[in-house]
Amino acid sequence: DTEVTQTPKHLVMGMTNKKSLKCEQHMGHRAMYWYKQKAKKPPELMFVYSYEKLSINESVPSRFSPECPNSSLLNLHLHALQPEDSALYLCASSQGIGAGVYNEQFFGPGTRLTVL
Amino acid sequence: SQQGEEDPQALSIQEGENATMNCSYKTSINNLQWYRQNSGRGLVHLILIRSNEREKHSGRLRVTLDTSKKSSSLLITASRAADTASYFCAPRSNRDDKIIFGKGTRLHILP
């Protein structure tokens, strides 16, 4: 299984809502990533988890809260978002990170988030 | 920043022609990767070239890397309509674990 799955595909939420995005992979990868992508822009790295621990936080606002319950799952909890947070949220995984690891990333199809 | 900068930003060619995209970056790298993204969907990894490699092939794709010039190129030969997509280079710094995507080249194959 070389697939990264993301749910939901589409999400519309109000600024007072709490919602979660989910990502799952069964490739035995030990690194997982969240990216945010606005229209016609490249993906922007948000978080990196390595061996279920947060490795990188790219100064993301606290209204985005990542969670890695186990090596196959990655969640992104959303609370009190702003309309400018509307974007495509991409999850990715790779075998690992660190010296000597070449870090090819496998991406999910993304969740299209709209904040009203 | 090791973010790549692709050139051109947009490219339209006739089906069957070759497409060349270039990428420049600023720092020392461990490897450089190219990804494709169809409109509004996830990215697909195309090819990875290591810092000690100069050229790599995969099917109709040919990637070159010149670390002295901090640049890479992606050549797609005999283009097809299905190649219409955005292409991103992603240099990986040998200092940290981040892959930072460049702005991308939007490739449009005309029938």
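Structure's up top.
Given the structure is predicted, the values throughout are model-derived calculations rather than measurements. (Residues numbered from 1 in each chain as written. Chains lettered and ligands numbered in written order. Predicted model: local features only at pLDDT ≥ 70, side-chain atom pairs only at ≥ 80, totals over all residues. Heavy atoms only, no water.)

Colleague: Would you explain the overall build of chain A in this entry?
Modeller: The secondary structure content of chain A amounts to zero helices and 11 strands. Its helices and strands in sequence order give chain A the pattern β-β-β-β-β-β-β-β-β-β-β, from N to C terminus. A globule of 116 residues ought to have a C-alpha radius of gyration of about 13 Å, and chain A, at 14 Å, matches this closely. Seen along its three principal axes, the alpha-carbon backbone of chain A occupies a region of about 45 × 30 × 25 Å. Looking at chain A residue by residue over its 116 residues, the buried ones come to 47%. One finds the centroid of the 12 positive side-chain charges in chain A at a distance of 7 Å from the centroid of its 10 negative side-chain charges. (Helix = DSSP H or I, 4+ residues; strand = E, 2+ residues; numbered from the N terminus. Rg over C-alpha atoms; globule rule 2.2 N^0.38 Å. Buried < 20%, exposed > 50% of the residue type's maximum accessible area, 1.4 Å probe, protein only. Lys, Arg positive; Asp, Glu negative; His and termini not counted. Charge placed at Lys NZ, Arg CZ, Asp CG, Glu CD.)

Colleague: Help me understand the state of the cysteines, please; the structure alone is not making it clear to me.
Modeller: Think of a disulfide as a covalent bridge from one cysteine sulfur atom to another cysteine sulfur atom. In the structure shown here, the tally under the stated rule is two disulfides over all chains. Between the sulfur of Cys23 of chain A and that of Cys91 of chain A lies a disulfide, 1.8 Å long from S to S. Of note, the bridge from Cys23 of chain A to Cys91 of chain A carries an S-S torsion of about -70° and is left-handed in sense. In this pair, Cys23 of chain A sits in strand 3 (residues 18-25) while Cys91 of chain A sits in strand 9 (residues 87-94), placing the two residues 68 residues apart along the sequence. Accessibility assignment for this pair places Cys23 of chain A and Cys91 of chain A in one class, buried. Across the disulfide, Cys23 of chain B is cross-linked to Cys89 of chain B (sulfur-sulfur distance 2.0 Å). The disulfide joining Cys23 of chain B to Cys89 of chain B has a torsion of about 60° about its S-S bond and is therefore right-handed. With Cys23 of chain B in strand 3 (residues 19-24) and Cys89 of chain B in strand 9 (residues 85-93), this residue pair connects regions lying 66 residues apart in the sequence. The pair formed by Cys23 of chain B and Cys89 of chain B is uniform in burial state, with each residue classed as buried. Cys68 of chain A takes part in no disulfide bond, and the closest cysteine sulfur to it belongs to Cys23 of chain A, at a distance of 9.2 Å. (Disulfide = S-S within 2.5 Å.)

Colleague: Honestly, the sheet that holds strand 1 (residues 4-7) of chain A in this entry has me stumped. Any pointers?
Modeller: All names here are of chain A. Reading across from one edge, 1-3-8-7 is the order of the four strands in this open sheet, with antiparallel pairing throughout. Two strands close off the open sheet at either side, each with one partner strand: strand 1 and strand 7 (64-70). Neighbour to neighbour, the strand axes of the sheet diverge by 20° on average, direction disregarded. Two elements, strand 3 and strand 8 (residues 73-79), share seven bridges in a ladder whose sense is antiparallel. Its bridge partner being in strand 8, Glu24 is matched across the sheet by Leu73. (Pairing = 2+ DSSP bridges. Axes fitted to C-alpha atoms, helices over the stretch in contact; angles between N-to-C directions.)

Colleague: Honestly, the interface of chain A and chain B in this entry has me stumped. Any pointers?
Modeller: Many authors give the size of an interface as the accessible area that is lost as the parts come together. On the side of chain B, 20 residues touch chain A, which itself brings 22 residues to the contact. In total, about 1,800 Å² of surface goes out of reach between chain A and chain B, with carbon and sulfur atoms giving 56% of it. Joining chain A to chain B, the criterion identifies zero salt bridges. Counting across the interface, chain A meets chain B through three residue pairs in polar contact (both at pLDDT 80 or more). Here the side of chain A that touches chain B is built from residues that sort into 13 nonpolar, five polar and four charged. (Contact = heavy atoms within 4.5 Å. Buried area = accessible area lost by both parts, 1.4 Å probe. Salt bridge = Lys/Arg side-chain N within 4 Å of Asp/Glu carboxyl O. Polar contact = N/O pair within 3.5 Å; in protein donor to acceptor, adjacent residues only side chain to side chain. Nonpolar A, V, L, I, M, F, W, Y, C, P; charged D, E, K, R; others polar.)

Colleague: What's the story with the environment of Leu61 of chain B in this structure? I'm lost.
Modeller: Within the secondary structure, Leu61 of chain B is located in strand 7 (residues 61-66). Ignoring anything within four residues of it in the chain, the contact list for Leu61 of chain B reads Leu46, Lys56, Leu74, Leu75 and Ile76 of chain B.

Colleague: What's the story with the pairing of strand 4 (residues 29-37) of chain B in this structure? I'm lost.
Modeller: Working note: regular strand, side chains alternate between the two faces of the sheet. Residues and elements named next belong to chain B. Among the nine residues of strand 4, eight are classified as buried, and the element is accordingly described as predominantly covered. Examined bridge by bridge, strand 4 and strand 9 share eight bridges and lie antiparallel to one another. Bridged to Gln33 within strand 9 is Ala90. One ladder, built from seven bridges, connects strand 4 with strand 5 (residues 43-50); its direction is antiparallel. Residue Asn31 lies in a different strand from strand 5, and its bridge partner there is Arg50.

Colleague: What should I look at first to understand unusual backbone geometry in this one?
Modeller: A negative phi angle characterises most non-glycine residues, just as the trans form characterises most peptide bonds. Cis geometry marks the peptide bond from Thr7 of chain A to Pro8 of chain A; its omega dihedral reads -10°. Counting through the fold element by element, Pro8 of chain A comes out in the loop between strand 1 and strand 2 (10-13). Between Asp7 of chain B and the following residue, Pro8 of chain B, the backbone shows a cis peptide bond with an omega angle of 0°. With respect to the secondary-structure elements, Pro8 of chain B resides in the loop between strand 1 (5-7) and strand 2 (10-14). The backbone phi angle of Glu52 of chain A is positive, close to 70°, even though this residue is not glycine.

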